[in-house]
Amino acid sequence: MIGVCLPLITRSVPALHPDRALFAIVKAFSSGVILATGYMHVLPDSFDNLSSPCLAEKPWHTFPFTGFVAMLSAVATLMVDSLAMSFYRRVSGSAGVVDHEMTPAHGVDEHGHGHGHGHAHGHGLAMSAVEVAGKDGVAADVLRRYRVIAQVLELGIVVHSVVIGLSMGASMNPCTIRPLVAALCFHQLFEGMGLGGCILQAEYRTKMKAILVFFFSTTTPFGIALGLGLSKVYSDNSPTALIVVGLLNASSAGLLNYMALVDLLAADFMGPKLQSNVKLQLWAYIAVLLGAGGMSLMAKWA
């Protein structure tokens, strides 16, 4: 909860405003954490689950299901990404509403220069209070993109959080649980910061922000409570548990890897802010490596 709320609360701090360099560096660090979570934690866990000797030789040991499901998950995430953007564009385009109070002083000129959208007043730049954060002058398409990213990223993190919570709650070994708590707190904190940054950029209303924060904050404790409740009957090594958890981990890994690389890192590093400032770009790369490195080190314990 602290991690996901931190970007939302610190918006009033000028240095941490989304337009500032420090926000880009912190977001790059959090994106590195999310990337390492997918590659160093979720994906290896899925390989372990689906290659367990407790599973039948056929089909689980004759085909790399983890890689296959992760690949399909990444493609499915791309489809959701693309179709959601098309849907939002169609809905907002059919509304045909233009906010005439949107002036060049708010960051959008009458031809839409600098945003890569249409030229006319009624095409691609139809802006309303919901679509555009008037204070920041964010173009409608960019804002829709931020909203899709926030929702899809939340989905991937929620699935992963329930699974790790379940495993932790059902664990009977105190030597495993103690380092696991520290590792989970670290990566949930910075995973939350990355998600919080996306929610902040999406300019949601208070109700929607509260819903996203609530689900992120409660899914791991819910998984732990579920694991505690099922500890008498749940076994990590039962074939059913291995298959279900393994497939969920593979799906989550594909989604997280796609989101981290395409929607977070590539979008930021190929965007105008970092492309126009090589020094900031280098600091952001260092932040990514630190985030990914720290999260990778956690794989030693969890």
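Residues numbered from 1 in each chain as written. Predicted model: local features only at pLDDT ≥ 70, side-chain atom pairs only at ≥ 80, totals over all residues. Heavy atoms only, no water.

- You'll find the protein chain entered in an unreviewed UniProt entry as Fe(2+) transport protein 2, with Acorus calamus given as the organism.
- Of the protein chain, the UniProt comment under Sequence similarities (unreviewed entry) reads exactly: "Belongs to the ZIP transporter (TC 2.A.5) family." (UniProt positions renumbered as here; feature names shortened; annotations may be inferred.)

1. Some details on unusual backbone geometry
Phase 1 of the analysis: Of note, the amide linkage connecting Lys58 to Pro59 takes the cis form, showing an omega dihedral of 5°.
Phase 2 of the analysis: Here Pro59 shows up in the loop between α2 (21-50) and α3 (65-95).
Phase 3 of the analysis: Backbone geometry at Glu203 places phi at a positive 55°, although glycine is not the residue there.
Phase 4 of the analysis: Here Glu203 is to be found in the loop between α5 (174-202) and α6 (206-229). (Helix = DSSP H or I, 4+ residues; strand = E, 2+ residues; numbered from the N terminus.)

2. Looking at the pattern of salt bridges
Phase 1 of the analysis: Enumeration according to the criterion identifies five salt bridges in this entry.
Phase 2 of the analysis: Asp268 is the partner of Lys27 in a salt bridge, and the nearest nitrogen-oxygen pair spans 3.4 Å. In this pair, Lys27 is assigned in helix α2 and Asp268 in helix α7 (residues 239-269), connecting sequence segments 241 residues apart.
Phase 3 of the analysis: Measuring nitrogen to oxygen at the nearest pair gives 3.0 Å for the salt bridge that ties Asp141 to Arg89. Of the two residues, Asp141 sits in helix α4 (residues 140-170) while Arg89 sits in helix α3, which places them 52 residues apart along the sequence.
Phase 4 of the analysis: Classification of Arg89 as partly exposed rests on a relative accessible area of 42%.
Phase 5 of the analysis: Put simply, Asp81, Arg145 and Asp263 are held in one network by salt bridges that share partners. (Salt bridge = Lys/Arg side-chain N within 4 Å of Asp/Glu carboxyl O. Buried < 20%, exposed > 50% of the residue type's maximum accessible area, 1.4 Å probe, protein only.)

3. Some details on helix α1 (residues 2-9)
A turn of α-helix holds 3.6 residues, and therefore any two residues three or four places apart point the same way.
Phase 1 of the analysis: Among all positions of α1, only Gly3, Val4, Cys5 and Pro7 are buried.
Phase 2 of the analysis: Taken together, the buried residues of α1 touch α5 and α6. (Contact = heavy atoms within 4.5 Å.)

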